[in-house]
Amino acid sequence: MENKGLTVNVFDLHTGLTTYENVSYVRIVSSDYNLLVMLDYLPIIGEIKGKVDIKTPDGELHFDNIKASYMNSNNVFNLMIQGDLNE
């Protein structure tokens, strides 16, 4: 079975867990660093104060001005957003 992209799990207090399949990339932009996570990217874990963009087959998702923790391992990217996105 050919893997066509990342699986991205986004968790926030308002919507709970949302999963996106076949994601092309996840872009993390913070004041300290920028990351572009793509298929077969190395395992990482960290925190972000900034923005995250997720490129799905249906378009692009943008999470601006967030504080979150993230982890990437085995082509599964997990984003745990702290607080409520609607605040």
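Definitions and limits used
- Residues numbered from 1 in each chain as written.
- Predicted model: local features only at pLDDT ≥ 70, side-chain atom pairs only at ≥ 80, totals over all residues.
- Heavy atoms only, no water.
- Pairing = 2+ DSSP bridges.
- Helix = DSSP H or I, 4+ residues; strand = E, 2+ residues; numbered from the N terminus.
- Buried < 20%, exposed > 50% of the residue type's maximum accessible area, 1.4 Å probe, protein only.
- Polar contact = N/O pair within 3.5 Å; in protein donor to acceptor, adjacent residues only side chain to side chain.
- Contact = heavy atoms within 4.5 Å.
- Phe/Tyr/Trp six-rings, centres within 6.5 Å; stacked < 30°, edge-to-face > 60°.

A. Structural detail: the pairing of strand E6 (residues 59-73). Two elements, strand E5 (residues 44-56) and E6, share twelve bridges in a ladder whose sense is antiparallel. Paired with Ile44 across the strands is Asn72, a residue of E6. Taken together, E5 and the strand that follows it, E6, pair antiparallel across an intervening segment of two residues. For E6 and strand E7 (residues 76-81), the ladder comprises six bridges, and the chain directions are antiparallel. Counterpart to Asn72 in the pairing with E7 is Phe77. Two successive antiparallel strands, E6 and E7, enclose a turn made up of two residues, where Asn74 displays a positive phi of approximately 55°.

B. Examining the side chain of Asn78 more closely. Mapped onto the elements, Asn78 comes out in strand E7. The class for Asn78 is buried, based on a relative accessible area of 17%. Looking at Asn78, its side chain comes within polar contact range of the side chain of Asn9, at 2.9 Å. Non-local contacts of Asn78, meaning those with residues more than four positions away in its chain, are made with Asn9, Ser69, Tyr70 and Met71.

C. Seen up close, the packing of aromatic side chains. For the structure shown, the criterion picks out one aromatic pair. Their ring planes at 15° and their centres at 6.0 Å tell us that Tyr70 and Phe77 sit as a pair that is stacked. On the accessibility criterion, Tyr70 (5% relative accessible area) is buried. By relative accessible area, which is 0% here, Phe77 ends up buried.

In short, geometric facts, not functional conclusions.
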